[in-house]
Amino acid sequence: MRGWRNAVQETAASKPLFLTIYATVILGTVVSSFYVFSAIYSPTASPTRSISSSWLLAPPLSQNGVSLSSNISQPSQHRSNKLRPIWEAPSRTSKMPRLKSFRLTKELVAQRAKDNVIIVTFGNFAFMDFILTWVKHLTDLGVSNLLVGAMDTKLLKALYWKGIPVFDMGSHISTDDVGWGSPIFHKMGRQKVLLINAILPFGFELLMCDTDMVWLKNPLPYLARYPDADILTSSDQVVPTVVDDRLADWKQVGAAYNIGIFHWRPTPPAKKLAKEWIDMLLADDRIWDQNGFNELVRRQTGPAFDDESGIFYSYDGNLKLGILPESLFCSGHTYFVQALHQQFRLQPYALHTTFQYAGTEGKRHRLREAMVFFDPPEYYDAPGGFLSFRPSISKSLLLDGEHNLESHFSLINYQMRQIRSALAIASVLNRTLVMPPLWCRLDRLWFPHPGALLGSLTRQPFLCPLDHVFEVNVMLRDLPAEEFGPAINIREYSFLNNPFLPQRVRESWLDVQLCQEGTEDCHASSNTSRPGLLRFPKRSSEETLKKVFSSFKDVKVIQFSSMQDAFLGFTDKTREEKFRKRVKQYVGIWCCVENHIPGHIYYDMYWDEKPGWKPIPPKTPEDDHPPF
C-alpha cells in the first residue's frame with residue numbers, strides 16, 4: 001500500500017490527469033476486492049439432506065460415467081474465481097492439482113476463515129465417511145469456514161473430488177483404521193497438536209474437532225459469547241454441573257478435559273501452552289496427547305476470571321480456560337445414556353462418540369442409532385429386504401424390584417432370546433435384521449461401579465446403545481462363511497424411522513402376527529386375511545418359513561408382532577452349528593463388579609440352555625474366557 005501511495009503522489013506532482021486515472025483504478029480495485037471477500041465469506045444456506053450416490057470413491061466419475069457428486073445439494077453461496085462452494089466438485093475433465101498446492105498455509109486458512117474463525121478436523125481414509133458426515137452437518141447448518149486435514153494421499157484425493165476443502169498434513173499415516181490406543185493412534189494425536197501449533201501463529205481462532213463427532217447446532221455464536229477465554233474445551237464430565245446453557249462449573253469438573261472438541265484463540269498464553277504441549281509429546285512418545293493437555297492446564301486451576309462467565313485461570317496462571325457444558329457439548333454418556341439434553345429440555349450443539357465400545361464400528365452404529373450419520377442410498381434399501389419385530393417386555397422385567405445384576409441380566413436375557421430367534425429367521429429368509437431397541441437396567445463402564453454412576457442422571461431402566469451388550473464390530477465383521485455360516489446383516493433400531501428411508505421401502509410392508517396353530521386363520525400359508533397382514537403359526541420350521549415368505553420376496557419390510565417362540569429351529573444341523581458359532585461371537589460383557597477381579601460378566605447367547613445360569617464374574621483369571 002505504501003508503494004501505491006508513493007506512486008499516486010509522484011503522478012500527481014507531474015501529470016494531474018493521471019491522478020484521476022490512478023484514483024479510478026484504485027477505487028475499482030477496492031470495490032472488486034470487496035466483492036471477492038463478500039463472496040468468500042458469505043453465509044451458506046442450509047442444503048437439503050440429499051446424499052451422493054457414493055461416499056467413498058475418490059474419482060469424479062463412477063464406473064458408468066455418472067458424476068458421484070451430482071446428487072449433493074449445493075449450498076447457496078456467491079461464486080468467486082478463488083473459492084468454490086463446498087460440495088461443488090471440480091470439473092470431471094480437470095486434472096488433479098499437484099500435492100504441493102494442498103500445503104497448509106496462512107493464505108489457505110484465510111480463504112476459508114469467517115469472522116477470523118476456522119473449524120478443522122483431520123483423519124485418514126478409514127474415516128472418510130465420518131469426515132463427510134462431519135462436513136455435511138456443518139454445511140447443513142450454514143457453516144462453511146472449515147478445513148479437513150488429510151493424513152494420507154488417498155483421502156486427500158477423495159475429498160478433493162467431492163469438493164471438500166482439504167489440505168495435506170504430510171503425515172503419511174496408514175489408510176486403515178488404526179484402533180484406539182495403538183502406537184499409530186498416539187501418533188495421530190500428536191498431529192493434532194502439531195496442527196494447533198501451525199495454525200495459531202496465523203492469527204486465526206481455531207475450533208479443533210475429532211472426526212467421530214457431529215455438529216447438531218452451529219457452535220460459533222455460543223463460542224463468541226466468551227471472547228475473554230483463551231481456550232474453551234469439552235470434558236468427560238458425566239455428573240452435570242449446570243442445568244442451562246452456561247459454561248460448566250469448573251470447580252465441580254473432576255473428569256478429564258476432552259480435546260475432541262476445543263476452541264483456541266491465538267493469544268500469547270494459548271500459544272505458550274501449545275508450544276509446551278508439543279514439546280512434551282515429542283520428548284516422550286508414551287504420553288497420550290489428552291493426558292498431556294490435562295497435566296499442563298491443571299498445574300493451576302483458579303481463581304475465577306470474573307463472577308459471571310465461568311472462565312477461570314489455569315496452566316501458568318495467565319491462561320483463561322472455560323469448560324463447555326456437558327449437556328450441550330455431549331459425550332457418548334451424557335447423550336446416549338443419560339440424555340441430559342432431553343432431561344434439561346436443551347438443544348445440544350455437539351455429540352462426541354466417547355464412552356462407547358466395539359471400536360470404530362461401535363461409533364458408526366451409535367451415530368446411526370441417533371440418525372445423524374450419513375450413509376449412501378443403498379444402505380437404506382438392502383438387497384433381500386428387511387426383517388424387524390416389535391419386542392414385548394413385561395413391566396416386571398423393566399421396573400419391578402431393585403436394579404441389580406440379577407434384574408439387569410433377566411431383562412437382557414429375555415431380549416437376547418428374542419434377538420437370537422430374529423437373527424435365525426433373518427438368516428433363513430436372507431434379510432437384513434433391524435435390531436430392536438435395547439433396554440438396560442445397569443450402565444456399562446470400564447471400571448467397577450454400583451450400576452449407575454453416583455451423581456449422574458442415568459435413568460433406570462434406560463434405552464441403551466447396542467454396544468453395551470453386543471459386539472457390534474463382530475456383528476458387522478466378515479466372518480468366514482465356511483466356519484460361521486452365511487452373514488447376517490443388521491441395521492440400527494431407529495432405521496425404519498430414518499428420514500432417508502425411501503418411500504418405496506416405507507410403503508412395501510408386511511405385518512406378521514404370530515398365532516397358535518389350529519386357531520382360526522392361523523396356518524402356514526401365504527394367504528393374507530387382509531392386504532399387508534399375515535397370521536403365521538408360532539414355532540414354525542425352517543422349511544415353512546422359506547415356503548411361505550418366498551411369496552413375499554418383493555416386500556421390502558417384514559415385521560413380526562413378536563419373536564417369542566417364533567422359530568422352531570434349523571433342520572440342517574450343520575447350518576445350525578455354524579449359526580450357533582456365529583451368534584455366540586456377537587455378545588460382549590457387562591462391566592464391572594466392585595471388589596472382584598476379574599469384575600466383568602460375560603453375556604451368553606444360549607444362557608437358557610444352561611440350568612441354573614447366574615450372572616457371576618469368572619472366579620479366577622483362568623476362567624476368564626467367553627462362553628463360546
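Note: the structure precedes this text.
Figured I'd write up the structure that's included with this text. Remember, predicted model here, so these are calculated numbers, not experimental data. (Residues numbered from 1 in each chain as written. Predicted model: local features only at pLDDT ≥ 70, side-chain atom pairs only at ≥ 80, totals over all residues. Heavy atoms only, no water.)

1. Side note on the packing of aromatic side chains
(1) Moving on: Within this structure, the stated rule accounts for 33 aromatic pairs.
(2) Moving on: When the ring of Trp264 is compared with that of Trp277, the centres are 6.1 Å apart and the planes differ by 5 degrees; the resulting orientation is stacked. With a gap of 13 residues between them, Trp264 in strand S7 (residues 257–264) and Trp277 in helix H8 (residues 268–283) connect regions that are remote in the sequence.
(3) Moving on: Note on Trp264: relative accessible area 0%, which makes it buried.
(4) Moving on: Overall, Trp277 belongs to the buried group, its relative accessible area being 0%.
(5) Moving on: Considering the side-chain rings of Tyr380 and Phe495, the 5.9 Å spacing of their centres and the 10 degrees angle between planes classify their relative orientation as stacked. Here the residue Tyr380 occupies a position in the loop between helix H12 (359–369) and strand S13 (386–389), and Phe495 occupies one in the loop between strand S17 (490–491) and helix H17 (503–507), the gap between them amounting to 115 residues. No difference in accessibility class separates Tyr380 from Phe495, as the two residues are buried.
(6) Moving on: An aromatic cluster is defined as three or more aromatic residues linked by ring pairs; in this entry it consists of Phe374, Tyr379, Tyr380, Phe386, Phe495 and Phe500.
(7) Moving on: In this arrangement the basic side chain of Arg491 is found over the ring face of Tyr379, its NZ or CZ atom lying 3.9 Å from the centre. (Phe/Tyr/Trp six-rings, centres within 6.5 Å; stacked < 30°, edge-to-face > 60°. Helix = DSSP H or I, 4+ residues; strand = E, 2+ residues; numbered from the N terminus. Buried < 20%, exposed > 50% of the residue type's maximum accessible area, 1.4 Å probe, protein only. Lys NZ or Arg CZ within 6 Å of the ring centre and 35° of its normal.)

2. So, the nonpolar core
(1) Moving on: Counting 59 residues, the largest nonpolar core has Leu423, Ile425, Phe470, Phe549, Phe560, Tyr586 and Met605 as its most contacted members.
(2) Moving on: A per-element tally of this core places helix H14 (residues 405–429) first, with 12 residues.
(3) Moving on: Setting aside residues up to four positions removed in sequence, Phe470 forms contacts with Met416, Ile419, Leu438, Met475, Tyr586, Val587, Gly588 and Met605.
(4) Moving on: Of all hydrophobic cores here, the second largest spans 42 residues; its members include Phe122, Ile259, Ala274 and Leu281. (Core = buried A, V, L, I, M, F, W, Y, C linked by side-chain atoms within 4.5 Å. Contact = heavy atoms within 4.5 Å.)

3. Some details on the sheet that holds strand S1 (residues 117–123)
(1) Moving on: The 9 strands are arranged S3-S2-S1-S4-S7-S6-S10-S9-S8 in an open sheet whose pairing can be described as mixed. Each end of this open sheet is capped by a strand with a single partner; those strands are strand S3 (166–168) and strand S8 (301–304). Strand after strand, the sheet turns through a mean of 35 degrees between neighbouring axes, direction not considered.
(2) Moving on: Where strand S2 (residues 146–150) and S3 come together, 3 bridges link them in parallel fashion. The residue bridging Val148 from the neighbouring strand is Val166, located in S3.
(3) Moving on: Across the sheet, helix H4 (residues 128–140) lies against S1, S2 and strand S4 (205–209), angled at about 175 degrees from S2, the strand it touches most. (Pairing = 2+ DSSP bridges. Axes fitted to C-alpha atoms, helices over the stretch in contact; angles between N-to-C directions.)

4. Examining the side chain of His365
(1) Moving on: Mapped onto the elements, His365 comes out in helix H12.
(2) Moving on: Those residues in contact with His365 that sit more than four places away from it in its chain are Leu466, Val472, Ile490, Arg491 and Glu492.

5. Quick word on H8
(1) Moving on: In this model H8 runs 23 Å from its N-terminal to its C-terminal C-alpha over 16 residues, within 8% of the 22 Å that 1.5 Å per residue would give.
(2) Moving on: Among all positions in H8, only Pro269, Ala270, Leu273, Ala274, Trp277, Ile278, Met280 and Leu281 are buried. Projected onto a plane normal to the axis of H8, the buried residues spread over an arc of 160 degrees and lie on a single side. Opposite the buried face of H8, at more than 90 degrees from it, the exposed residues are Pro268, Leu282 and Ala283. (Expected span 1.5 Å × (residues − 1). Arc of directions from axis to C-beta.)

From the geometry alone we can't say anything about function, so treat these as descriptive.
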